[in-house]
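# Residue-level structural notes
One-letter residues, chain by chain:
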Amino acid sequence: MTYLAKPRLHHPSLTENKVGYTRRDYEGKISTLCAGCGHDSISAAIIQACWELDIEPHRVAKLSGIGCSSKTPDYFLGASHGFNTVHGRMPSVLTGANLANRELLYLGVSGDGDSASIGLGQFAHAMRRGVNMVYIVENNGVYGLTKGQFSATADQGSKSKKGVVNSDNPLDLVALALQLGASYVARGFSGDKAQLVPLIKGAIAHGGAAFIDIVSPCVAFNNHAGSTKSYDYVREHNEAVSRIDFISARDEITTSYAPGEVVEVVQHDGSSLRFRKLREDYDPTDRYAALSYMNAHQARGEVVTGLLYLDPLATDLHVALNTSETPLNRLDASSLCPGAQALDKVNQSLR
Ligand SMILES: Cc1ncc(C[n+]2csc(CCOP(=O)(O)OP(=O)(O)O)c2C)c(N)n1
Ligand code: SF4
Ligand SMILES: [Mg+2]
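Residues numbered from 1 in each chain as written. Chains lettered and ligands numbered in written order. Predicted model: local features only at pLDDT ≥ 70, side-chain atom pairs only at ≥ 80, totals over all residues. Heavy atoms only, no water.

### Section: the packing of aromatic side chains
Counting across every chain of the model gives five aromatic pairs. Seen from their ring centres, Y21 and Y26 are 6.0 Å apart, and the 80 degrees between their planes marks the pair as edge-to-face. By the ring-pair criterion, three or more aromatic residues cluster together here, those being F123, Y135 and F211. (Phe/Tyr/Trp six-rings, centres within 6.5 Å; stacked < 30°, edge-to-face > 60°.)

See the structure below:
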């Protein structure tokens, strides 16, 4: 059941994007997740974002840990590079791969158990180092794969399916990502594809550590009354700060806006994000204001979604380490190991 391949037949009339691929070319195997699982909607949003951005599938590396969420890279971008790592260890494997080959687009897919429990240290260091990646947490508040134990992101006072009340304080990965220096921080909802697709596109175009926490209900273990990660709860308490339109550097601008209706932020690659403010008092370029806005609204039980923070001029780990422009995996042996004389010179400079 786990490895059902999809038929490769494509209808001849399917629309191709600018690099000659149809949307089906961005799909993967048939999902074996529960029908209605939020994670499948996130896979669909990733497929749509990559197709619309004209990304060649072989330019993407998908990495994940362990969990239902971490299984999903098998269900999208079947022609991309993939690495299903150990539970909670995706960030360090992604960091290593990124350092070896800076030319791929790195997509880390994880769960709240994978990133907020066993992988919390790894999550923190990837964020603070500014690894150029899109890091997605498919957050359902439970360990879905191991049958529904509360995870570290479950809200205090929320109830399990069997009525047990969670007494622990929750850990908020968005707040942590903001504190740790991530330069693109968003929260989405798997049930709101119109919001999710531009959030993912903006993260792909971003040139630093991009983090998206996506509330993704687990229909098997955490979609009942009393859960704060259920479809009903999130729909009723969703407090979207903005609607964003993503415009790639090549797109022709066809829509016009009345002055003051949108705020436009241009990223380093020439793409731009246009924010239609839904909350007048929200400033997505102020990290600390974002944190206090979120804390205040979450204390009232609201789920704050949208692009919460963006540093359009962010740089990444390669800039910090001054690595070579040529990916390390393409340097020849003499460049990688320049010999004893070069080593002596380095040692001399440190004396
Ligand atoms: C080292 C290790 N410890 C524990 C497990 C058992 N385990 C597998 S998945 C999982 C939690 C997954 O939860 P989450 O990341 O939230 O993913 P979900 O299934 O909810 O999408 C655990 C504890 C494991 N596979 N490896
Ligand atoms: S157990 Fe939950 S998280 Fe796992 S596939 Fe089913 S609904 Fe999704
Ligand atoms: Mg989970």
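### Notes on the site of ligand 2
Every residue close to ligand 2 is listed here: L33, C34, C37, H39, C68, N140, G144, C218, V219, A220 and F221. Classifying every residue of the shell around ligand 2 gives eight nonpolar, three polar and no charged. (Near = heavy atom within 4 Å. Nonpolar A, V, L, I, M, F, W, Y, C, P; charged D, E, K, R; others polar.)

### Section: the site of ligand 1
Neighbouring residues of ligand 1: 17 residues in total, closest S69, D112, G113, D114 and G144. G113 places a main-chain nitrogen or oxygen 2.8 Å from an oxygen atom of ligand 1. Within the backbone of V142, a nitrogen or oxygen atom sits 2.9 Å from an oxygen atom of ligand 1. Coverage of ligand 1 by the protein amounts to 74% of the 590 Å² it exposes when considered alone. Secondary-structure elements contributing two or more residues to the shell around ligand 1 are α2 (68–71), α4 (112–118) and β5 (142–143). The dominant element in the shell around ligand 1, judged by the number of residues it contributes, is α4, at four residues. A class-by-class count of the residues in the shell around ligand 1 yields six nonpolar, nine polar and two charged. (Polar contact = N/O pair within 3.5 Å; in protein donor to acceptor, adjacent residues only side chain to side chain. Areas by Shrake-Rupley, 256 points an atom, 1.4 Å probe, with all protein chains shown as cover. Helix = DSSP H or I, 4+ residues; strand = E, 2+ residues; numbered from the N terminus.)

### Some words on the UniProt feature "domain: Thiamine pyrophosphate enzyme TPP-binding" (unreviewed entry) in the protein
The feature "domain: Thiamine pyrophosphate enzyme TPP-binding" (unreviewed entry), as given by UniProt, occupies residues 66–214 in the numbering adopted here. In this annotation, residues 66–214 is assigned 36% helix and 23% strand; the end-to-end C-alpha distance for the span is 17 Å. (UniProt positions renumbered as here; feature names shortened; annotations may be inferred.)

### Brief notes about the coordination of the magnesium ion (ligand 3)
Only D112 (OD), N140 (OD1) and V142 (O) from the protein reach the magnesium ion (ligand 3) as donors, at distances of 2.1 to 2.2 Å. Read from N- to C-terminus, the donor residues coordinating the magnesium ion (ligand 3) fall into the pattern D-x27-N-x1-V. Taken together, the residues D112 in helix α4 and V142 in strand β5 connect sequence positions 30 residues apart. Given the relative accessible area of 4%, V142 is considered buried. (Donors = N, O, S within 2.8 Å, 3.2 Å for Na, K, Ca; no water. Buried < 20%, exposed > 50% of the residue type's maximum accessible area, 1.4 Å probe, protein only.)

### What about the environment of R287?
With respect to the helices and strands, R287 occurs in helix α9 (residues 287–299). Sequence-wise, R287 and A182 are 105 residues apart; in three dimensions their C-alpha atoms are separated by 9.6 Å. Here the side chain of R287 touches L178 through a polar contact of 2.7 Å, landing on its backbone oxygen.

### Things to note about the pairing of strand β8 (residues 209–215)
Among the seven residues in β8, seven count as buried, and that is most of the element. With burial as the criterion, each face of β8 is covered, one bearing A209, F211, D213 and V215 and the other bearing A210, I212 and I214. Judged from the seven bridges that link them, strand β4 (residues 133–139) and β8 form a sheet pairing that is parallel. Directly across from V134, in β8, lies its bridge partner A210. Both strand β7 (residues 184–189) and β8 contribute to a ladder of six bridges, which runs parallel. Bridge assignment links A186 to a residue of β8, and that residue is I212. With helix α7 (residues 193–205) bridging β7 and the parallel β8, this β-α-β connection has right-handed handedness. (Pairing = 2+ DSSP bridges. Right-handed = clockwise from strand over helix to strand, strands pointing away.)

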